[in-house]
Each structure stands twice: as structure tokens, then as C-alpha cells.
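# Chains, contacts and geometry: an overview
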Amino acid sequence: MQGELNLGDNWQNRPKRPALQERLFFGIMLNADVQEIVDACRTGLIKDHRLTRKSLIGLCRFHISLYHLGDYPRLPSPILFAAKRAGAAVSMPPFEVTLHSARSFEGGKPDRKPLVLIGEGEGLTRLHTILGACLTRNGLPGNRGAFTPHLTLLYNSRTISEQPIEPIRFVVRDFVLIHSKRGLSEYEILQRWTLHCRAPLRSAFL
């Protein structure tokens, strides 16, 4: 038939997305200037440790994760609704983060060990705590164990022990709810919230 797609012998070799292909999480994205600084740091680590340049995280996907809300065959609207309510309830001022060291995370597949930058900052821990409480109030799991702020650079088979880097400092002014399309290396920002402290309500009797 004219116009019919003939897949031929390659049908069995077609790429397949994961069964749970839609991931939902809160995170902090980097602006373009910080992306470039982080990428330069990554290039130095690749050279120093003779790492392959496969499985690099794209600059536009550099982020610090706050809360992973789950992987789904399709995004569930009740979870989205609750997550957006939780994000909107967060109130705190902008803060500074410092990325101060690099190391590999153990676990996972032997050839896909994440090489990450470790971050710190009182504001980062506070945002994680406040957002966790807001998630809990909206029926979602929050404050689940230890929080190790990190930014993933790439995946590799080699294990790199923790080592200091030239500190990378930047100010966090917002956080986002991210739809990660697994298998496609695509992020969709579903909503963004600017960090600020809400002014207290004035009494009607003042």
C-alpha cells in the first residue's frame, strides 16, 4: 500500500522507553552562567581522571534534586495537583549554594556510576525541610531520610573518591517542578516558584 511504513528487519531493534517513562521531581535548575562554570569543572575532571565523554548530562539539565515524587507510565493528575499546591506554599528568601567537591556515588549499574558535585548551604537544607513539610500537608511523602545535595555531571564505570574543587557559588532564587521524559533526556518545567518571604497579614483592626 502506498505510504505504508515498512519496518523491515529492524523492528526488533527499535529503541524502547522505560515502562515507567514519566518522572516527576522538584529541583533547582542552574542559569546559563553557572552551567558554563560547572561544565568547565566537568571538563577538568574528565581530563584529570581520563573519563569517557559518554553519558554526559546536558548543560540545560544540570540541577540539584530536592524531592523525587515518582516514576509513572503517565503523569497522574492528583499527584500533579498536590505537588503544585505544595510548591506554592513554600515561603523563604533566596540563598547561596556552594558546590565544593566531586565524587562518585556507589550503587546502580557498574558502568553507570554517577559523578556528582556535592553542595552545601543552610538555605538549601531549609528549602528541603520546608518543601518536605508542604508535601506532607498535601498528602505526598516528604522529609524521607538524609538529604545529600548534589549535581550529577555524568555516568561512568570508574569510581572517583571525593576531592575538593574550586568552589562554585551561586544564588538560588527559585525552584521548579520537573517532568523528566525518561529515555529521551528531556526535561519539561511544569511550574516555577520564586523564593520570597510573604509579608505577614495585617490585622483589620490596626
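Residues numbered from 1 in each chain as written. Predicted model: local features only at pLDDT ≥ 70, side-chain atom pairs only at ≥ 80, totals over all residues. Heavy atoms only, no water.

## Quick notes on the overall build of the chain
Threshold: Runs of H or I in DSSP of at least four residues are treated as helices and runs of E of at least two as strands, each being numbered from the N terminus. Note on classification: 1.4 Å probe, protein chains only; a residue is buried when its accessible area is under 20% of the maximum for its type, exposed when over 50%, partly exposed between these limits. For every accessible area listed, the method is Shrake-Rupley and the probe measures 1.4 Å; residues are considered covered only by the protein chains on display.
Assigned secondary structure in the chain consists of 3 helices and 8 strands. Starting at the N terminus, the α and β elements of the chain follow one another as β-α-β-α-β-β-α-β-β-β-β. When burial is assessed residue by residue, the chain has 39% of its 206 residues classed as buried. When the accessible surface of the chain is summed, it comes to about 12500 Å², and 51% of that surface belongs to carbon and sulfur atoms.

## Structural notes on the nonpolar core
Quick note on the threshold: Buried Ala, Val, Leu, Ile, Met, Phe, Trp, Tyr and Cys residues form a nonpolar core when they are joined through side-chain atoms within 4.5 Å. Any two residues whose heavy atoms approach within 4.5 Å are treated as being in contact.
Grouped together as the largest cluster of nonpolar side chains are 47 residues, with contacts concentrated most on Phe 26, Val 38, Leu 117 and Phe 175. In this structure Leu 117 touches Val 38, Cys 41, Leu 45, Leu 99, Ser 101, Ala 102, Pro 149, His 150, Leu 151, Leu 153, Ile 165 and Ile 168, once residues within four positions along its chain are discounted.

## Here's the deal with helix H1 (residues 32-49)
The line we're drawing: Helix span is expected to be 1.5 Å times the residue number reduced by one. An arc is given here, and it is the one of the directions from the helix axis to the C-beta atoms. Side-chain atoms alone can form a polar contact between residues adjacent in sequence; in general such a contact is a pair of N or O atoms within 3.5 Å, and within protein one must be able to donate a hydrogen while the other accepts it.
Here H1 spans 26 Å end to end across 18 residues, near enough to the 26 Å set by a 1.5 Å rise per residue. All buried positions along H1 are accounted for by Val 34, Gln 35, Val 38, Asp 39, Cys 41, Arg 42, Leu 45, Ile 46 and His 49. One face of H1 carries all of its buried residues, which in axial projection span an arc of 165 degrees. Exposed residues lying more than 90 degrees from the buried face of H1 are Ala 32, Asp 33, Lys 47 and Asp 48. The inward-facing, buried residues of H1 contact strand E3 (95-104), strand E4 (113-120), strand E5 (150-156) and strand E6 (163-172). Sitting at the amino-terminal end of H1 is Asn 31, which places a side-chain oxygen 3.2 Å from the backbone nitrogen of Asp 33. Positive backbone phi, approximately 55 degrees, marks Arg 50, located one or two places after H1.

## Brief notes about unusual backbone geometry
At Ser 55, a residue that is not glycine, the phi angle is positive and equals roughly 60 degrees. With respect to the helices and strands, the residue Ser 55 is situated in the loop between H1 and strand E2 (63-72). The phi dihedral of Ser 185 falls on the positive side, at around 55 degrees, and the residue is not glycine. Its location among the elements puts Ser 185 in the loop between strand E7 (174-181) and strand E8 (186-194).

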